[in-house]
Every structure is written in structure tokens, then in C-alpha cells.
Amino acid sequence: MAAIDPTRGFLKDVKRIVIKVGTAVVTREDGRLALGRLGALCEQIQTLNTQGFEVILVSSGAVGAGRQRLRYRKLVHSSFADLQKPQVELDGKACAAVGQNGLMALYDTLFSQLDVTSAQLLVTDNDFRSPEFRKQLTETVDSLLSYKVIPVFNENDAVSTRRAPYEDSSGIFWDNDSLAALLALELKADLLVLLSDVDGLYSGPPSDPQSKLIHTYVKEKLENTITFGDKSRLGRGGMTAKVKAAVYASQAGIPVIITSGFAGDNIVKVLQGQHIGTLFHQDAHTWVSNGELNARDMAGAARESSRRLQAMPVKDRSKILLDIADALEANEKVIVYENEADVINAKDAGYEAALVSRLALKSGKISSLAKSIRVLANMEEPIGQVLKRTELSDGLILDKTSSPLGVLLVIFESRPEALVQIASLAIRTGNGLLLKGGKEARRSNAILHKIITSAIPEKVGEGLIGLVTSRDEIPALLKLDDVIDLVIPRGSNKLVSQIKSSTKIPVLGHADGICHVFVDKSADMEMAKNIVVDAKTDYPAACNAMETLLVHKDLMENGGVNELLIELQTKGVSINGGPRASPMLNLPAAPSFHHEYSSLTCTIEIVDDVHAAIDHIHKHGSAHTDCIVTQDREIADIFLRQVDSAAVFHNASTRFSDGFRFGLGAEVGISTSRIHARGPVGVEGLLTTRWIARGSGQVVDNDKGVVYTHRDLTHQA
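Computed from a prediction, not measured in an experiment: that's the story for all the values here.

What about the overall build of the chain?
- Looking only at helices and strands, the chain features 25 helices and 24 strands.
- Residue burial in the chain is summarised as follows: out of 717 residues, 55% are buried.
- Sequence separation of at least 24 residues holds for 75% of the intrachain contacts in the chain that already meet a minimum separation of 6.
- Within the structure as shown, the chain displays about 32,100 Å² of accessible surface, and the carbon and sulfur contribution to it stands at 50%.

What follows is the structure, given as C-alpha cells:
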């Protein structure tokens, strides 16, 4: 037995049910009525009727059944010459009239065998324009239900005055799905069940193995993010029409469940509260933190939206970024307002000053972010770039091309500007994105996410960038190694370590930013002081800020160390000493060489030479960013070659280790991994490769007759 769904507790109070059965369920592939499925449907309705439920049936299938009958009659009465002429499509209204007669005769026979009485009610769109009709309809149905009669509704297509009854989507209702929703409201039903030829609503076409069944539809999350498959083979709208009707009814207060009509007991299972089909409910948005929507369904929506994004022309994708930049600047006041509220709350909650500093969107930040997004928008198109072209053999060309990774999960703490940078990079590279920010930036993240997703075209879908709001959802997300392609954590060592140990998904990121500046004995001291002060004080909370200052021992003798200390202390920096420096300089002992202060504090240590500095960095560093200040080119080259960090600088501040400063437009983070991407991760770090081959009929056939040339064509026009 399927599991009982706790979100369907309302079903215990259901009494009046509207059941709609579609053409694909009522008829077989050849157009004949599906007797077995109709028999199972009638048996379920009889069971519900016996149990005291009031059941109203809306049945399609008349046109399909009538078409099959009229084709047969036409064939019987056609001459051989008639059959040679082009066949004209049968009149839909005539099909409806013939089919409705046979359909109702079958329902009457099946229900009679079960000792149930049914009644036929045919309606048109125009009928519902009359208040008197609506009142009389309710009274008639109430009367029938009091006698335990099953009202069977269908649109009276035979006399409908609509000009295009099978295509028109105007009016009060436009197909039997919307008719069922309308009747559910008019007749004050407690539940609407829409029977389909699939198990419910899927994230993509049901035939796609990657598509997942959506158990609870949340309009705010999934609208415009689902790719529908082909419409019903015989009906008018297929799943698109069902979803539209379900949203309409559920928002008006009538719960709706879409499930398969091919199973012989699904209606009974639905009323038992079993976890089948797709539920539409007006309160569904309040359940998102408890359901798998915020995990698998959000990831699925991001993937589907990313594929639509990739299919757009290059200029249209660039325009999305330009629109986002404009929207950020246009909404700067509300962004700052929400951010200030977060900062005040963080201070009141007693958060550390370093975190509060990272949280605040300082003056000019929105303008800076918009500028970086425009840089991204105007970059050369990154997707589909030919990285290598090879002629395998005559007429067979192989291209190695750049391609999006897929779906990214980025978990970050404190910095709300990270959301903007990451989202813009994801759009530029055609990736889907799930974001989980820190609770301390909740309001900032929410407004930034709203502004960004509002600029994404409907044909792509807001699901391209999902914002995860609850920490409880992270474990579920980290299990989705089949739908999430890369996790990028931005935060503390504890956060990164926890994520790495909790997922099979590849993780890209750094745990710490223990950055060093080594001042060699040959350094220009004015240059050294400027670099050291900038590396520590420009943005102390940044991961590329200097945490440890290494100085050559000779600088102790010529006063160079004192100059550096005075310069730092003048700027308000507190200084701790390593085991060697602490007693020599009368400084407090550093808690550890592997300590990231993220504030106006640093550690200083004395080393013998460049080799000792390199050994210290390898032993205590985090392979992030390290710098040497020296005028000796040979010493500099040794440092640059041998320090095994993601970024290594000569005579330049560690603060340059940044995606925007590197010309990447923005960054999702700085990776200290050695696989895929290292250092500031911009556009290139969010791409992988694909192989595209163009041939002219070549086959392998055990390599008989194949002459491999393997000629490099990469640089040829």
C-alpha cells in the first residue's frame, strides 16, 4: 500500500467530489471506447456512492467515439471512386452528436449493472452566462445527488456556437477540464479529481527519463518552469489544460488532484490519502519547507529552465543580464532598506563584527554590481566556443566545445552581493542555479532574488534561479547527485567541511583563506608597506585578505620589521606573533598559524629565507593566495614556481585575487581545489566540454578503409 501523505489530511472532510475523465482515458488508441477502463471507473464511483460520497462525473470522449463511428459509416457508404478522392475531415459537431449518444448509453449500461442510476447533463459555454441557469443547475444537481444519482456532464459540442470549439480558449470554459473546475466551484465541491493518461504532473515530458513526478504543485515556485509533453492524442489540451484548470480551482479553494485514469483504483486511493498523483491546494505554498519541492522539484525546474535559456539567441541572453543590471539600480533604495534591516538584526543578535561587515552592502556596492553584470553581458559568448577542432579523417570533423555544467547549488554565508554575482554568472554560462544564503541576510537575499528573477523572461522561467529559504532543506539537496552537478560552498571552514562530508556531488570551493605576504630582504620597503597594509586593511573580512605576514630575518636587523609593524598598527591592526616573532618583538602569541581572523588582526613570523617562507606556507597555508615582495627577480621566480597555491603574486596585494579584478566579470568563489577550476571561479569555471562530430556517412567497421589524419584545424579559419 502506498504511503499516506500528511499534506492530504483535508481529504477526511471531503463529501462532494467532481471527477473528470479525459478522452485519452475513455477511448482506446483506435478511437473505440475503452470498456475496461470505463468499467473500472464506474465500479469506483459505485463504491464511493455506497460510502456516502456525492459524486459528479465530467466525461470527455464523445467526439473521439463519434469520429470512429462516422468514419466507419462513411467507409461503408463510399464507392471505390469516393475513396480515391482527398478525404475531408469529419464535422466535429456531428461527431459529438453521434458519440455522445453511444457514450451515455454505455455509462447507463455499466452503472445499471452496478445498481446505480446516472443522469446526462449537456451544457454549453453560453448557458453559464445566465444567473437563472446557474441557480437551476445547482438545484437539479442537488436533487439528483439526494437520490444518489450520478450526474454525468459533458459540453454539448453538437450545438455549441463557438466558432472553433476545439481550439478556442475564450469564454467561461473552453474544454472539459475547465468545465470540471467551473462545476466544482458552482456546485461547491470539496475535491476535484482530474484523470489523465499519466500518473500526474511531471517536471518535463513524462517520456523523458529525467522527468520527475511532482507530488505537490506550488504555483509560486513552478509556474512557467515546467516543460509539457505532447497534448492528448484525441482531446483538446492535454496536461497544459489540466494544470490551468487545477490552478484556477485550487486558488479558489477547491483542492485538485491529477492522477492516472488507467489504474483501476486510483480514485479510491486518492480519498484514502495515499501519496499518488499531483496535488493542487491553495495552501501549498506554506508546505514548501516540508516537501521535496524545495529539493528535487526545484533542481528539476532549474535544469529545464537552463535548457530553455541555452536555446535562446546570444543577444537575448545578454539582454537578460543588462535588464538585471538596470533593475538593480532602479531598485537600489529598497535593496538598501532591506539590507539595513538585516544589518540591524545581526547587530542586535550579537553577531561578530566581521560577519556584520560582510553582510553590509556598502555605499556604491549596487552600482559596482550592476557594472560587473554589464561587463559579463558584453563578454564574448562563452557557450559553444570551439576549443579544439580536429580532422579525424577525410570529411569527419570533431570539435571540442564549451558547455554549461548543468545545475549548480551554491551555499553561501553573510554576503548578499554573492547572490548577485553567482546568479549573473549562472545566466551568462547557461546554468541552472539553486541558492542558499545565510539566515542573517534573509531580507537582502529575498529582495535581490525577486528583482533578478523578475527580469528573467517567462519563456525561460523564474525557476532558473531558485532560492532555498530553510536550512533544513540542505541535507535533501545534498542527496540529489542525479540532478545537481556541482556544489559550491562559500563560507567558514566548518561549513565547507560539513558539505564535503555530506554529499556525493562534486564540491568546488575553499575551506579557509589563510593568505600570506612574504617580505624579502631585498624588498622596497615603501612598496612593502603599501602592499601589506592594503592586503590586511582594504577588506579585512575578505577571504583574500592577508592573515600572516612573513618577514626575512635580515629585516629584524635593519629596522624593516618595525616599519611594517608601525604602519599596520597606525591603521588599527592588532598584531600577534608566531613562536619566533612573539618573544623577539614582545607580541601576544598567535592562537595558531592556521587561523583566519577576518578582521583587523594578523600574525607575524620571522623566517630565514624564501625557502623557509615557502615551507611555512605549504605547512600552514590554505593554498588560496600568497604574495612575495622583493626586488630580486631570481628569488621571486623561485617563490612563484614553488608555492602551490591557487594564486601567487609578486609585488602585488593579495586583494587582487578576485574574479572581477581578474577580468572575469564576477566570481562564484575562489577554489583551492586542484580539479576542474582553481582560483577565482568565473565564467570558465562554470563550463565543461562536449564533443561535436560532423561527418558525411562514415562508419567504423573495424577501421577497415578508414584513414585517420588527426589533423589539427583549431587555428584555421
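Some remarks on the state of the cysteines
- All told, the structure shown has zero disulfides when counted by the stated rule.
- With no disulfide of its own, C515 lies closest to C543 among cysteine sulfurs, the gap being 6.7 Å.

Considering the nonpolar core
- Counting residues in hydrophobic clusters, the biggest one holds 49 residues, and the most contacted among them are L328, L433, L435 and I465.
- Of all the secondary-structure elements, those providing two or more residues to this core are helix 12 (314–330), helix 15 (365–377), strand 11 (407–412), helix 16 (417–429), strand 12 (432–436), helix 17 (442–454), strand 13 (465–468) and strand 14 (486–490).
- Here the element with the most residues in this core is helix 16; it accounts for eight residues.
- The residues contacting L328, other than those within four sequence positions of it, are I335, I366, I373, V420, L448 and I451.
- Core analysis: the next-biggest nonpolar cluster, separate from the first, contains 37 residues, V141, A181, A189 and Y217 among them.

Regarding helix 20 (residues 525–537)
- The terminal C-alpha atoms of helix 20 lie 18 Å apart, and with 13 residues this matches the ideal 18 Å at 1.5 Å per residue to within 8%.
- Buried residues in helix 20 make contact with strand 15 (515–519), strand 16 (546–552), helix 21 (554–557), helix 22 (560–570), strand 18 (601–607) and strand 19 (625–629).
- Looking at where helix 20 begins, the residue whose side-chain oxygen comes 3.0 Å from the main-chain nitrogen of E526 is D524.

Quick notes on the environment of T216
- In this structure, T216 sits in strand 6 (residues 216–217).
- Distance from T216 to I257, taken between C-alpha atoms, is 9.1 Å for residues 41 residues apart in sequence.

Regarding helix 15
- If you check helix 15, its first and last C-alpha atoms are 18 Å apart, about what 13 residues at 1.5 Å a residue would give, namely 18 Å.
- All of the buried residues in helix 15 are I366, L369, A370, S372, I373, L376 and A377. The buried residues of helix 15 occupy an angular sector of 160 degrees when projected down its axis, which confines them to one face.
- Taken together, the buried residues of helix 15 touch helix 12, helix 13 (332–348) and helix 16.

Quick notes on the side chain of Q421
- Along the polypeptide, Q421 turns up in helix 16.
- In this structure, Q421 is in contact with L369, R490, A666 and E667, ignoring residues within four places of it in sequence.

Here's the deal with the sheet that holds strand 8 (residues 278–280)
- Taken together, eight strands build an open sheet; the order of strands is 3-4-2-1-5-7-8-6 and the sheet is mixed. Lying at the two open borders of the sheet, with one neighbouring strand each, are strand 3 (118–123) and strand 6.
- Where strand 1 (residues 16–21) lies against strand 2 (residues 54–59), six bridges are found, and the strand directions are parallel. Looking at strand 2, one finds that V18 is bridged to I56.
- Docked against the sheet, helix 9 (residues 238–251) engages strand 1, strand 5 (191–196), strand 6, strand 7 (256–260) and strand 8, running at close to 155 degrees with respect to strand 7.

Notes on the confidence of the model for the chain
- With 89% of its residues at a pLDDT of at least 70, the chain reaches an overall mean of 87.
- Low pLDDT, under 50, characterises residues 164–170; the stretch is placed with 13 contacts to residues that sit more than four places away or in other chains.
- In this model residues 231–236 is a low-confidence stretch, pLDDT under 50, and it forms 22 contacts with partners more than four residues away in sequence or in other chains.

Focus on unusual backbone geometry
- The residue K188 is not glycine, and still its phi comes out positive at about 55 degrees.
- Counting through the fold element by element, K188 comes out in the loop between helix 7 (176–186) and strand 5.
- Positive phi outside glycine occurs at N702, with the angle close to 60 degrees.
- Summarising the element assignment, N702 is placed in the loop between strand 23 (687–694) and strand 24 (708–712).
- Here N702 falls in the exposed class, since its relative accessible area comes to 68%.

Notes on the pairing of strand 4 (residues 150–155)
- In terms of residue burial, strand 4 counts as a mostly covered element, since six of its six residues are buried.
- Burial along strand 4 is two-sided: the face carrying I150, V152 and N154 and the face carrying P151, F153 and E155 are both buried.
- Relative to strand 4, strand 2 runs parallel, the two being bridged by two bridges. Across the sheet, the residue bridging to V58 is F153, located in strand 4.
- One ladder, built from six bridges, connects strand 3 with strand 4; its direction is parallel. The partner of V123 across the bridge, within strand 4, is E155.
- In this fold, strand 3 hands off to helix 6 (residues 131–146), which returns the chain to strand 4; that crossover is right-handed.

Overview of the packing of aromatic side chains
- All chains considered together, the criterion is met by five aromatic pairs.
- Look at Y107 and F111: their rings are 6.2 Å apart centre to centre, the planes differ by 20 degrees, and that puts the pair in the stacked class. Of this pair, Y107 and F111 both sit in helix 5 (residues 92–113), four residues apart, roughly one helical turn. In this pair, the class of Y107 matches that of F111, namely buried.
- Between F128 and F133, the ring centres sit 5.3 Å apart and the planes meet at 75 degrees, which makes this aromatic pair edge-to-face.
- With a relative accessible area of 22%, F133 lands in the partly exposed category.
- The ring of F262 is capped by R37, whose NZ or CZ atom sits 4.1 Å from the centre of that ring.

Section: the pattern of salt bridges
- Scanning all chains against the criterion turns up 28 salt bridges.
- The closest approach of N and O atoms between D399 and R389, which form a salt bridge, is 2.7 Å. On the criterion of sequence distance, the pair formed by D399 in strand 10 (residues 396–404) and R389 in strand 9 (residues 386–393) is long-range, its members being 10 residues apart.
- Look at the salt bridges and you will find they share partners, linking R16, E54 and D142 into a network.

Quick look at the sheet that holds strand 15
- Reading across from one edge, 17-18-16-15-19-20 is the order of the six strands in this open sheet, with parallel pairing throughout. Each edge of the sheet is formed by a strand with only one pairing partner; in this case those strands are strand 17 (574–577) and strand 20 (647–650). Each adjacent strand pair in this sheet contributes to an overall mean axis angle of 20 degrees, direction not counted.
- Note: strand 15 against strand 16, five bridges, orientation parallel.

Cut-offs applied
- Residues numbered from 1 in each chain as written.
- Predicted model: local features only at pLDDT ≥ 70, side-chain atom pairs only at ≥ 80, totals over all residues.
- Heavy atoms only, no water.
- Helix = DSSP H or I, 4+ residues; strand = E, 2+ residues; numbered from the N terminus.
- Buried < 20%, exposed > 50% of the residue type's maximum accessible area, 1.4 Å probe, protein only.
- Contact = heavy atoms within 4.5 Å.
- Areas by Shrake-Rupley, 256 points an atom, 1.4 Å probe, with all protein chains shown as cover.
- Disulfide = S-S within 2.5 Å.
- Core = buried A, V, L, I, M, F, W, Y, C linked by side-chain atoms within 4.5 Å.
- Expected span 1.5 Å × (residues − 1).
- Polar contact = N/O pair within 3.5 Å; in protein donor to acceptor, adjacent residues only side chain to side chain.
- Arc of directions from axis to C-beta.
- Pairing = 2+ DSSP bridges.
- Axes fitted to C-alpha atoms, helices over the stretch in contact; angles between N-to-C directions.
- pLDDT = per-residue confidence, 0-100.
- Right-handed = clockwise from strand over helix to strand, strands pointing away.
- Phe/Tyr/Trp six-rings, centres within 6.5 Å; stacked < 30°, edge-to-face > 60°.
- Lys NZ or Arg CZ within 6 Å of the ring centre and 35° of its normal.
- Salt bridge = Lys/Arg side-chain N within 4 Å of Asp/Glu carboxyl O.

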